[in-house]
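Descriptive analysis of the structure
Spelled out from the first residue to the last, the chains are:
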Amino acid sequence: MNLGSISPLVGMVEKLALYTPVSVEDRVGLLELPYSSRFFEAGSYLLRDCDTPDQCGMLVSGLAYRHKVSAEGLRQIVSIYIPGEFYSLQQLYLATADSNVQTLTRCEVVTISHEALRRLAAERFSVAQALFATTIVELSISREWMLNIGRRDARTRIAHLLCEFAFRLDKHSLPAGQAYELPMTQEQLADALGLTAVHVNRTLKVLVNDGLIFYSKRGVTIPDWDVLVARAGFNSRYLHMNLSDTTAHKPCHAQRF
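The notes below deal with the structure included here. Bear in mind that the values here come from a model prediction, so they are computed numbers and not experimental data. Within each chain, residues carry numbers counting from 1 in the order of the written sequence. Only residues with pLDDT of 70 or above have their local features reported here, since the model is predicted, and side-chain atom pairs are shown and tallied only from 80 upward, although totals for entire chains, interfaces and linings are computed over all residues. Excluding hydrogens and water, the side-chain figures rest on all heavy atoms present in the structure.

A word on the pattern of salt bridges. Any carboxyl oxygen of Asp or Glu that lies within 4 Å of a side-chain nitrogen of Lys or Arg is treated as forming a salt bridge with it. By the definition in use, this model includes eight salt bridges. Residues Asp-26 and Arg-124 are paired through a salt bridge, measuring 2.7 Å at the closest nitrogen-oxygen approach. One end of the pair, Asp-26, is in helix α3 (residues 24–31); the other, Arg-124, is in the loop between α4 (114–123) and α5 (125–151), and 98 residues separate them in sequence. Note that Asp-210 and Arg-155 form a salt bridge whose closest N and O atoms lie 2.3 Å from each other. Residue Asp-210 is found in the loop between α8 (197–209) and β9 (214–215), and its partner Arg-155 is found in helix α6 (residues 154–168); the two are separated by 55 residues along the sequence. Taken together, the salt bridges that share partners define one network made up of Glu-85, Glu-164 and Arg-168. Segments assigned H or I by DSSP are reported as helices when at least four residues long, segments assigned E as strands when at least two residues long, and all are numbered from the N terminus.

Below, the structure written as structure tokens:
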């Protein structure tokens with residue numbers, strides 16, 4: 001039986017293999033993990049602050065986001081999850097969740113028991129290494145988001161986020177003029193960028209007027225990838241995706257202040 005052709009876990013295996021080599025035997029072991037599958041409508045909570053789950057959750061389809069809420073009830077979106085990505089991997093070793101995860105769109109989610117995943121990681125070094133690398137990459141993305149919110153102006157913040165989405169969804173290599181779905185409201189974009197919804201609306205209009213993007217309620221078109229990358233100061237290195245495309249990469253160099 002060709003497990004890779006039918007298992008919803010195949011996306012997970014492909015994502016793990018982006019960050020570290022995974023042998024054929026270990027791929028089979030990952031695909032044979034017991035799991036359960038369920039669909040959630042947009043806006044559903046997949047994880048709540050203070051939850052103590054005994055399973056890891058992974059997106060098969062759709063998009064989800066992690067957010068934290070201040071004592072005053074203000075929301076900050078701190079990460080976005082796409083198909084193939086775990087959204088609760090840290091609960092494999094940290095019992096209590098410290099944030100919320102909600103769906104942006106209708107999602108199919110699979111859950112894998114902590115016990116089964118821990119056992120496989122203990123038995124197969126490359127699986128443990130891949131899970132560890134996945135967590136480190138999530139931290140790398142968080143650092144870039146912190147820089148985006150703390151040091152970039154509104155126009156650059158939005159442009160950078162749009163470049164990241166395109167790159168992670170592997171749309172950057174498509175011909176100019178082809179759209180990708182961005183099912184985030186302007187309020188949600190504002191909560192991810194540390195801006196107000198009004199500021200996001202005005203800045204999107206500036207990007208459109210400058211010819212950098214075409215924007216509609218549910219999607220974004222990037223007419224010239226290289227131009228938007230330059231305007232955003234986007235460097236895909238922090239995503240550690242090991243893709244062959246290098247249009248967004250710059251040489252590493254030391255910076256002195």
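Where two aromatic rings form a pair, the distance of their centres and the angle of their planes describe that pair. Only rings of Phe, Tyr and Trp enter the pairing, Trp through its six-membered ring, and a pair is recorded when the two centres are within 6.5 Å. The plane angle decides the type: under 30 degrees is stacked, over 60 is edge-to-face, the rest tilted. Counted by the stated rule, this structure contains three aromatic pairs. Pairing Phe-167 with Phe-234 gives two aromatic rings, centres 6.1 Å apart and planes at 55°, and the pair type is tilted. Here Phe-167, found in helix α6, pairs with Phe-234, found in the segment after α9 (225–232); they are 67 residues apart in sequence, far enough to count as distant. Each residue is placed in one exposure class: buried if its accessible area under a 1.4 Å probe, protein chains only, is under 20% of its type's maximum, exposed if it is over 50%, and partly exposed if it falls in between. When its relative accessible area of 2% is taken as the criterion, Phe-234 is described as buried. Each ring is checked for a lysine NZ or an arginine CZ that lies within 6 Å of its centre and within 35 degrees of its normal; such an atom marks a charge sitting over the ring. Just above the ring of Tyr-45 sits the side chain of Arg-48; from NZ or CZ to the centre is 3.6 Å.

Before going further, it helps to examine α5. Take the number of residues in a helix, subtract one, and multiply by 1.5 Å to get its expected span. For α5, spanning 27 residues, the distance from its first C-alpha to its last is 39 Å, which sits close to the expected 39 Å at 1.5 Å a residue. Taken residue by residue, α5 has Ser-126, Val-127, Ala-130, Leu-131, Ala-133, Thr-134, Val-137, Ser-140, Ile-141, Glu-144, Trp-145 and Asn-148 as its buried positions. Residues of α5 that are buried make contact with α2 (10–19), α3, β5 (75–81), α4, α6 and α7 (186–193). Contact criterion: two residues are considered in contact whenever any of their non-hydrogen atoms come within 4.5 Å of each other.

This brings us to the pairing of strand β6 (residues 100–103). The two faces of β6 match: Asn-100 and Gln-102 on one face and Val-101 and Thr-103 on the other face are all buried. Two strands form a pair only when DSSP identifies at least two bridges running between them. Strand direction decides the pairing type here: strand β2 (residues 45–47) and β6, joined by two bridges, are antiparallel. Note that in β6 the partner of Tyr-45 across the bridge is Gln-102.

A surface patch of nonpolar side chains, about 300 Å² in accessible area, is lined by Phe-132, Ile-136 and Leu-139. Summarising the element assignment, Phe-132 is placed in helix α5. When its relative accessible area of 56% is taken as the criterion, Phe-132 is described as exposed. Only residues above 30% relative accessible area that lack a salt bridge enter a patch, with like-charged residues linked at up to 9 Å and the nonpolar side chains Val, Leu, Ile, Met, Phe, Trp and Tyr linked at up to 5 Å. Computed with the Shrake-Rupley method and a 1.4 Å probe, the accessible areas treat only the protein chains shown as cover for residues.

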